[in-house]
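Structure at a glance
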Amino acid sequence: NLNGSRISGKQLKHPSNSQNEQAHELKTSFDNLHLTDGSVDDIPGGIVLRGNKAKLSKLIFTTSGEDYVSTAKDTVRGTIIDGCKFYNNKGDKSIQLNAAEDAEITNCYITGGQTAIRLQESTSKRKNIKCSVRDTTFDKVPTAINVAGYTTLTVSGNTFKGVSEQYNGGPHTKIIKK
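Note that the structure is predicted; figures quoted are calculated from it, not measured.

When you go through the chain residue by residue, the secondary structure sums to zero helices and 19 strands. Buried residues in the chain amount to 51% of all 178 residues. Pairs at least 24 residues apart make up 48% of the contacts formed inside the chain by residues separated by at least 6 positions. When the accessible surface of the chain is split by element, carbon and sulfur atoms take 43% of a total near 8400 Å².

As structure tokens, this is what we get:
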């Protein structure tokens, strides 16, 4: 529990291009990480989750680079992001779960960036990936949710304001609206 504290990357070297995928990241490599009640600010490469069943809750994300939160391809399962706010003023995606198996994103607010949420990596060979996005508000972002691979996404209760494309899925994806 961060108890209102902040994780800041202001002292890290920042690339001139905020889309630089080689920017410094905060990598976590253990299972059952739970970060709650605080803020994450100015980490050039965002937080990379490498452990199973990570949970991020009640966090406020601001001023990151390429992606605010991501997972490496085909490495983890069970990521939960609940009640978080993403103020994406210069990054690409707020959430990029390249490994989206059993992922749940609920009760979040996401504004800015190019794509709010990207689920599953497009070149993944894994099949029967199931994930969900519920009760989340997407505000002023061109694409709300981009889904790739052999993924079934269940969605319900989401709100879209100033969004050009709500859902974008690949040829093997399935989107279930409840």
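This next bit is on the environment of aspartate 139. Positionally, aspartate 139 belongs in strand β14 (residues 137–139). Assessed through its relative accessible area of 10%, aspartate 139 is described here as buried. Considered as a pair, aspartate 139 and tyrosine 109 are 30 residues apart in the sequence and their alpha carbons are 7.6 Å apart. If we skip the residues at most four places from it in the chain, aspartate 139 touches Tyr109, Ile110, Thr111, Gly112 and Lys161. At a separation of 2.6 Å, a polar atom in the side chain of aspartate 139 contacts the side chain of tyrosine 109.

Here threonine 136 lies in the loop between β13 (129–134) and β14. Among the residues examined, threonine 136 registers a relative accessible area of 0% and is labelled buried. A polar contact of 3.3 Å, which involves the side chain of threonine 136, links it to the backbone nitrogen of cysteine 108. With sequence-adjacent residues up to four places away left out, threonine 136 is seen in contact with Ile105, Thr106, Asn107, Cys108, Ile110, Gly157, Asn158 and Thr159.

Next up on the list: the packing of aromatic side chains. One pass over the full model with this rule turns up five aromatic pairs. Ring geometry for phenylalanine 61 and phenylalanine 86: centres 4.6 Å apart, planes at 5°, overall stacked. Taken together, the residues span a long stretch of sequence, with phenylalanine 61 in strand β5 (residues 55–62) and phenylalanine 86 in strand β8 (residues 85–88) at a distance of 25 residues. Here phenylalanine 61 and phenylalanine 86 have matching classes, each one buried. Look at tyrosine 87 and tyrosine 109: their rings are 5.7 Å apart centre to centre, the planes differ by 45°, and that puts the pair in the tilted class. Linking tyrosine 87 in strand β8 with tyrosine 109 in strand β11 (residues 109–112), this pair joins segments that are 22 residues apart in sequence. With a relative accessible area of 34%, tyrosine 87 lands in the partly exposed category. With relative accessibility at 22%, the residue tyrosine 109 sits in the partly exposed group. Grouped by ring-pair contacts, the aromatic residues Phe61, Tyr68 and Phe86 constitute a single cluster. The side chain of lysine 127 reaches across the aromatic face of tyrosine 150, ending 4.5 Å from its centre.

Per the stated rule, a full pass over the model turns up five salt bridges. In this structure, lysine 93 and aspartate 67 form a salt bridge, with 3.8 Å as the shortest nitrogen-oxygen distance. Placement of the pair is lysine 93 in strand β9 (residues 93–97) and aspartate 67 in strand β6 (residues 67–71), with a sequence separation of 26 residues. Accessibility expressed as a relative area gives 8% for aspartate 67, which makes it buried. With its nearest N and O atoms 3.4 Å apart, the salt bridge here joins glutamate 101 to arginine 77. With glutamate 101 in the loop between β9 and β10 (104–106) and arginine 77 in the loop between β6 and β7 (80–82), the pair connects residues that are 24 residues apart, well separated along the chain. Connected through shared salt-bridge partners, Arg77, Glu101, Asp102 and Arg126 make up one network.

To summarise the sheet geometry, strands pair through backbone hydrogen bonds and adopt either a parallel or an antiparallel arrangement. The strand order β2-β4-β6-β9-β12-β15-β18 describes an open sheet built from seven strands, whose pairing is parallel. Two strands close off the open sheet at either side, each with one partner strand: β2 (26–28) and β18 (165–169). Neighbour-to-neighbour, the strand axes of this sheet turn through a mean angle of 10°, independent of strand direction. As paired strands, strand β4 (residues 47–49) and β6 are joined by three bridges and run parallel to one another. The residue bridging valine 48 from the neighbouring strand is serine 70, located in β6.

Rules behind the numbers
Residues numbered from 1 in each chain as written. Predicted model: local features only at pLDDT ≥ 70, side-chain atom pairs only at ≥ 80, totals over all residues. Heavy atoms only, no water. Helix = DSSP H or I, 4+ residues; strand = E, 2+ residues; numbered from the N terminus. Buried < 20%, exposed > 50% of the residue type's maximum accessible area, 1.4 Å probe, protein only. Contact = heavy atoms within 4.5 Å. Areas by Shrake-Rupley, 256 points an atom, 1.4 Å probe, with all protein chains shown as cover. Polar contact = N/O pair within 3.5 Å; in protein donor to acceptor, adjacent residues only side chain to side chain. Phe/Tyr/Trp six-rings, centres within 6.5 Å; stacked < 30°, edge-to-face > 60°. Lys NZ or Arg CZ within 6 Å of the ring centre and 35° of its normal. Salt bridge = Lys/Arg side-chain N within 4 Å of Asp/Glu carboxyl O. Pairing = 2+ DSSP bridges. Axes fitted to C-alpha atoms, helices over the stretch in contact; angles between N-to-C directions.

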